[in-house]
Amino acid sequence: MKHKSKVRTGFSEFSRKLYENNKNKILKELNASEDDWNNPKWQLKNRISDAEEILKYADLTQEEFENIKKVSEKHRFAITPYYFSLIDFNNPNCPIKLQSIPDIRELDEDGQLDPMNEEQSNPSGKITRRYPNKLIINVTNACPMYCRHCQRRRLIGKSDKNTSKEYIDESIDFIREHQTIREVLVTGGDALMLSNNRLEYIFNKLSQIDHVEVIRVGTRTVVTLPFRIDDELATLLRKYKVQLSTHFNHACEITPEAVRAIDTLVDHGVLVRNQMVLLHNINDDKYCIQKTNEELQNCRVIPYYLFHPKEVRSTKHFQVDISKGLEIMKHLEGRTSGMCKPTYVYNSPGGLGKVPLVPIENIEYDENGYKFTTWENKTFTKDFK
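Visitor: Got a minute to help me understand the overall build of the chain in this structure?
Guide: Within the chain, the secondary structure is distributed over 14 helices and twelve strands. Here the C-alpha atoms of the chain give a radius of gyration of 22 Å, agreeing with the 21 Å that 2.2 N^0.38 yields for 385 residues. On the principal axes, the C-alpha backbone points of the chain span a range of 75 × 55 × 45 Å. Considering only contacts in the chain between residues 6 or more positions apart, those separated by 24 or more positions represent 75%.

Laid out in structure tokens, this is it:
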């Protein structure tokens, strides 16, 4: 309890005051209203995407300013006014800042452009297929905010582009012709950057394929652009029984605005699960992970995956050792609800798929039987039958 109280949430008094102060600065600068702020199209139109814009709302040293400019010349960035308003610029390790503001360490080109070998896992259209019974359709390269740890940063490019209808249709034709495929993930980029009409076109086509049993959407709009989530969108998702995977990495991203979006989805019957990435200096702390997942459970979001960070080029500063993730998972055992424990997974290089990682000291065995260790480090044995 002592440690959890130190993990900042988006509901804390400090977070709300920070948000309102930053929000008011932006509204004043842009001569905008509260209605503008709550409009997702206004948010996207006014994304903060260069160092000069940041200077309007935050004090930067000359070195910080020059570093952001230098990195952004090579790696594009864009931040919604909403998500930008959550940044504590007085804290160099602010989780929001580290995920959204370009960092000079991004110029370190260690790592791979495509560590999951997605480009070679594309049988047709804009598909990524690594498993026999499920696949991904990449429908856009656009996101409300470009995460600095993004696994597909190679696709961000210089501008936002949605996948053409031709490629979408080609992808759906492939799915129709392969009866082993029962689950389709519509993602990008961020799938909810598409209009409702375009989404319905995709969902409707997929729903007409008898062997497609599950349609999922991958999105971070709940976190970075919660105003995108409204009754119309939630009704559309419910109509086609679309399940939603989102991406909260820290409790400070769980704000009243984000929870309103979650409530809209869940109240309409949409299943919402969270896929978190373990990131150095952001959430690689057992108390942070526990607090964040407990807050998600409170909001009716299921903690689904804790991803070990992929070795993507220019993201070396986010990397952690697997031992850190195993330590966190061991800590969660017995100290929080089973509903608050995600599956810790490592994505194999070359597109070989996910490998679940669990603390191996929980169970040992030899020719005499099994030895179990509980969360309190108590042990017991069980003979072979």
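Visitor: What is the right way to look at the state of the cysteines in this model?
Guide: One covalent bond between the sulfur atoms of two cysteine residues makes up a disulfide. In total, this model carries zero disulfides according to the counting rule given. The thiol of Cys-94 is not disulfide-bonded; the next cysteine sulfur, from Cys-252, is found 5.9 Å away. A residue is classified by how much of its surface remains accessible, and Cys-252, at 2% relative accessible area, is buried.

Visitor: How should the environment of Cys-94 be read in this particular structure?
Guide: One can find Cys-94 in the loop between α6 (81–84) and α7 (95–100). Residues Cys-94 and Leu-225, spaced 131 residues apart in sequence, show a C-alpha to C-alpha distance of 19 Å. What Cys-94 contacts, discounting residues up to four positions off in sequence, is Arg-8, Leu-86, Ile-87 and Asp-88.

Visitor: Would you take a moment to explain the nonpolar core for this structure?
Guide: One broad rule of soluble globular proteins: the nonpolar side chains tend to lie buried together. Within the largest apolar cluster, 75 residues are counted, with the highest numbers of intra-cluster contacts made by Ile-54, Phe-84, Ile-175, Val-186, Phe-203 and Leu-206. The element that contributes the greatest number of residues to this core is helix α12 (residues 256–267), accounting for six residues. Apart from the residues within four sequence positions on either side, Ile-54 is in contact with Ile-48, Leu-60, Ile-68, Phe-77, Phe-84, Phe-89 and Ile-101. Membership of the second largest hydrophobic core comes to ten residues, among which are Met-276, Ile-289, Ile-328 and Leu-332.

Visitor: Whenever I open this one, helix α8 (residues 165–177) confuses me. Can you help?
Guide: Every α-helical turn comprises 3.6 residues, leaving residues that sit three or four positions apart pointing alike. Counted at 1.5 Å a residue, the expected span for α8 with its 13 residues is 18 Å, and the 18 Å between its end C-alpha atoms agrees. When α8 is considered as a whole, its buried residues turn out to be Ile-168, Asp-169, Ser-171, Ile-172, Phe-174 and Ile-175. Of the surrounding elements, those touching the buried residues of α8 are β1 (127–128), β2 (134–138), β3 (183–187) and α9 (196–207).

Visitor: Would you explain the sheet that holds β3 in this entry?
Guide: Sheet strands associate in pairs through backbone hydrogen bonding, adopting either a parallel or an antiparallel arrangement. What the nine strands build is an open sheet, ordered β1-β2-β3-β4-β5-β6-β7-β8-β9; its pairing is mixed. If you trace the sheet from one side to the other, it starts and ends with β1 and β9 (353–356), each paired once. Across three bridges, the pairing between strand β7 (residues 302–307) and strand β8 (residues 343–348) is parallel. Its bridge partner being in β8, Leu-306 is matched across the sheet by Tyr-344.

Visitor: How should I be thinking about the pairing of strand β10 (residues 363–366) in this particular structure?
Guide: The two faces of a sheet get side chains in turn, since along a regular strand they alternate between them. Both β10 and strand β11 (residues 369–373) contribute to a ladder of four bridges, which runs antiparallel. Its bridge partner lying in β11, Asp-366 is registered against Gly-369.

Criteria and thresholds
Residues numbered from 1 in each chain as written. Predicted model: local features only at pLDDT ≥ 70, side-chain atom pairs only at ≥ 80, totals over all residues. Heavy atoms only, no water. Helix = DSSP H or I, 4+ residues; strand = E, 2+ residues; numbered from the N terminus. Rg over C-alpha atoms; globule rule 2.2 N^0.38 Å. Contact = heavy atoms within 4.5 Å. Disulfide = S-S within 2.5 Å. Buried < 20%, exposed > 50% of the residue type's maximum accessible area, 1.4 Å probe, protein only. Core = buried A, V, L, I, M, F, W, Y, C linked by side-chain atoms within 4.5 Å. Expected span 1.5 Å × (residues − 1). Pairing = 2+ DSSP bridges.

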